[in-house]
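# Structural overview for review
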Amino acid sequence: MSDANAEKINEEIKTDQKSCIRTRIAPSPTGPMHIGVVRTALFNYLFAKKNNGKFILRIEDTDIERSKIEWEKNIIESLKWLGIQWDEGPDIDGKYAPYRQSQRTQIYAKYLKKLLEEGKAYYCFCSKEDIEAKKQYQMSAGEPVSNKDECRDIPQETVKKYLEQGRPSVIKFKVIPKKIKFIDIIRGEVEFDSGLFKDFVIAKNLFNPLYNLTVVVDDFEMKISHIIRGEDHISNTPRQYLIQEALGFPMPKYAHLPLILGPDRSKLSKRHGAVSVSEYIEEGYLKE
Ligand code: GLU
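Scope of this entry: the structure provided in the associated data block.

Scoring rules and cut-offs
Counting from 1, residues in each chain are numbered in the order their sequence is written. Where local features are concerned, this predicted model is filtered to residues with pLDDT of at least 70; where side-chain atom pairs are given and counted, the filter is 80 or more; whole-chain, interface and lining totals use all residues. The side-chain quantities take in all heavy atoms of the structure and omit both hydrogens and water. The secondary structure listing takes helices from DSSP runs of H or I that are at least 4 residues long and strands from runs of E that are at least 2 residues long, numbered from the N terminus. Only protein chains enter the accessibility calculation, which uses a 1.4 Å probe. A residue is then buried if its area is under 20% of the maximum for its type, exposed if over 50%, and partly exposed in between. Contacts: residue pairs with any heavy atoms within 4.5 Å of one another. Surface accessibility follows the Shrake-Rupley procedure with a 1.4 Å probe radius. Residue values consider only the protein chains on display as shielding. Paired strands, in this sense, are two strands between which DSSP finds at least two bridges. Whether a residue is near a molecule or strand is decided by its heavy atoms; if any one of them lies within 4 Å of it, the residue is near. Definition of a polar contact: a pair of N or O atoms within 3.5 Å, with one able to donate and the other able to accept a hydrogen when the atoms are protein atoms, and with sequence-neighbouring residues admitted only if both atoms are side-chain atoms. A cavity, in this analysis, means grid points on a 1 Å lattice covering only the protein atoms where a 1.4 Å probe fits yet has no way out; a pocket is instead an open set bounded by protein on both sides within 12 Å along at least five of seven lines, and a residue lines either one if it has an atom within 4 Å of a point. Cavities and pockets are treated as containing a molecule whenever more than half of the molecule's atoms lie within 2 Å of their grid points. Ring geometry is summarised as follows: Phe, Tyr and Trp rings, the Trp one being its six-membered ring, pair when their centres sit within 6.5 Å, and such pairs are stacked at plane angles under 30 degrees, edge-to-face over 60 and tilted between the two.

All right, on to the overall build of the protein then. Broken down by element type, the protein carries 9 helices and 10 strands. Considered along the principal axes of its C-alpha atoms, the protein spans approximately 65 × 60 × 35 Å. Counting the 288 residues in the protein, one finds 40% classified as buried. Nonlocal contacts in the protein, meaning residues at least 24 apart in sequence, comprise 74% of its contacts between residues at least 6 apart. Total accessible area on the protein is roughly 16300 Å²; 54% of this is exposed by carbon and sulfur atoms.

Okay, the sheet that holds strand S8 (residues 208–209) next. Spatial strand order, S3-S4-S7-S8: 4 strands in an open sheet with antiparallel pairing. Of all strands in the sheet, those bounded by a partner on one side alone are strand S3 (121–124) and S8. Where strand S7 (residues 200–205) lies against S8, 2 bridges are found, and the strand directions are antiparallel. Bridge pairing in S8 links alanine 203 to proline 209.

So, on to the site of the ligand. As a structural note, the neighbourhood of the ligand is formed by Arg24, Ala26, Pro27, Ser28, Glu60, Tyr211, Val215, Arg229 and His233. A distance of 2.6 Å separates an oxygen atom of the ligand from a polar atom in the side chain of arginine 24. Taking tyrosine 211, its side chain carries an N or O atom lying 2.9 Å from an oxygen atom of the ligand. Assessed atom by atom at 2 Å from the grid points, the ligand resides in the largest pocket.

Going through the model one piece at a time under the given rule, you end up with 9 aromatic pairs. Between phenylalanine 125 and tyrosine 162, the aromatic rings sit 5.0 Å apart at their centres with planes inclined by 80°, giving edge-to-face as the arrangement. In this pair, phenylalanine 125 sits in the loop between S3 and helix H5 (128–140) while tyrosine 162 sits in helix H6 (residues 156–164), placing the two residues 37 residues apart along the sequence. Looking at phenylalanine 125, the relative accessible area reads 12%, which means it is buried. Of the residues examined, tyrosine 162 reaches a relative accessible area of 18% and is grouped as buried.

Here it is, written out as structure tokens:
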């Protein structure tokens, strides 16, 4: 192959890789747009634009009680005011719509059913009190607190019967003990031992999924290539890795950004002063 041809092919490969870059910001509409989320959005936006990729806005409103449409509006208006424009989102749609999690329930239910059928998730019927009582008993007997959930072993017919009886339950993910390693673009190699985790709740029921499940499903379905988010989420990554593995999804690339801190080195919050874009606008700041 001539040098000119090889160069042309290399250029095409590079363009292909670049056009596959898809980033997202996934705020929960539980309050006004926080300046920390704006900073994360900016990194996602700039990285996508620099690489000829796409930047997506997804509204993570699975927490029905705390999510409000007025906060969603505030998030959208704040980003628009700042000039951070998304290529796909709840107000403009796109190939992978809907971009509001409360409208994606059927998609999550499909994956929850798959995990349940394959024995990678299970119904747990223990109340918080049962779990606490067991922990207290083990501690007072000087035994190590067991990570093993007894509901893992309930026979299928019994599960069916309990569900028909309407017993309160949640859906838990079965944690497989192993060393989880991944490369974080900012921090380098990160390692976790999932043997230290307990089985965790991924849904209240088939139609009420929780964050760790929905985020994994959406990032896969929306073909997100790079997850750039605050480092307060790094401890969620191994759990999300386990779900990705169980569902056979490829792992996206991760970059966990350091958080904005107040003068006392704690996470920037209301007690340090203004934290939302609306407050800065009211105080007369310019978007620049
Ligand atoms: N909904 C999450 C939040 O508001 C976003 C999590 C993520 O970026 O993975 O913190």
